[in-house]
Amino acid sequence: MTLTQQIITIAAVVLGTMMTRFLPFILFPAGKPTPKYIQYLGKVLPGAVFGLLVIYCLKSISIFSGSHGIPEAIAIALVIALHLWKRQMLLSIAGGTICYMLLVQFLF
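Only a predicted model underlies this, so the values are computations on that prediction, with no experimental measurement involved.

S.K.: Can you explain the side chain of S92? Please cite residues and give values.
M.R.: The topology assignment puts S92 in helix α4 (residues 89-106). For S92, a relative accessible area of 1% puts it in the buried group. For S92, the residues in contact, after removing those within four places along its chain, are V79, L82 and H83.

The structure is reproduced here in C-alpha cells:
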C-alpha cells in the first residue's frame with residue numbers, strides 16, 4: 001500500500017469507529033425516551049444472536065463419525081446449567097467455550 005492508501009484506510013477506520021460509537025448518543029439523547037422498537041430490539045436480539053451462534057456451531061456436527069457430538073453435548077449442557085444458575089450470558093458462553101476446548105484438546 002502506498003502512503004496515501006494507508007492514510008485513507010486509517011481515516012476510514014477511524015471514521016467508522018467514531019460513527020458507530022457516537023451515532024447512538026446522537027440519535028437517542030439522554031433526555032428523550034428510547035423508541036419502543038429499539039427497546040424491543042434490545043430485548044430480543046441477544047437471544048436471537050445466541051440462538052444463531054448455537055446453530056452455526058452445531059451445523060457441521062456428525063453424530064455418526066468422530067466423537068459423535070459428545071463434547072458438544074457436554075458443553076451445551078454446561079452452558080444451560082450455568083445460564084440457569086447465574087443468568088449471565090457472558091459467563092455461560094465463556095464456560096461452555098472453555099469446557100469444549102478442554103474436552104477437545106485433552107479427551108476427544
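S.K.: I'd like a rundown of a nonpolar patch on the surface, residues and numbers included.
M.R.: A cluster of nonpolar side chains, Y37, Y40, L41, V44, L45, V49, L53, M89 and I93, forms an exposed patch at the surface whose accessible area comes to about 790 Å². The element best represented in the nonpolar patch is helix α2 (residues 36-58), accounting for 7 residues. By the secondary structure assignment, V49 is in helix α2.

S.K.: An account of helix α3 (residues 70-86) is needed here, citing residue identities and associated values.
M.R.: Taking 1.5 Å per residue as the helical rise, α3 with its 17 residues ought to reach 24 Å, and the 24 Å between its terminal C-alpha atoms agrees with that figure. All of the buried residues in α3 are P71, E72, A75, V79 and L82. Seen end-on, α3 carries its buried residues on one side only, within an arc spanning 95 degrees. Opposite its buried face, α3 presents the exposed residues L84 and W85, each directed more than 90 degrees away. Here the buried face of α3 lies against α2 and α4. R87 occupies a position one or two residues after α3 and carries a positive phi of about 55 degrees.

Thresholds, definitions, all that
Residues numbered from 1 in each chain as written. Predicted model: local features only at pLDDT ≥ 70, side-chain atom pairs only at ≥ 80, totals over all residues. Heavy atoms only, no water. Helix = DSSP H or I, 4+ residues; strand = E, 2+ residues; numbered from the N terminus. Buried < 20%, exposed > 50% of the residue type's maximum accessible area, 1.4 Å probe, protein only. Contact = heavy atoms within 4.5 Å. Patch = residues over 30% accessible without salt bridge, like charges linked within 9 Å, V, L, I, M, F, W, Y side chains within 5 Å. Areas by Shrake-Rupley, 256 points an atom, 1.4 Å probe, with all protein chains shown as cover. Salt bridge = Lys/Arg side-chain N within 4 Å of Asp/Glu carboxyl O. Expected span 1.5 Å × (residues − 1). Arc of directions from axis to C-beta.

Remember that the coordinates give geometry; whether it matters functionally is a separate question.
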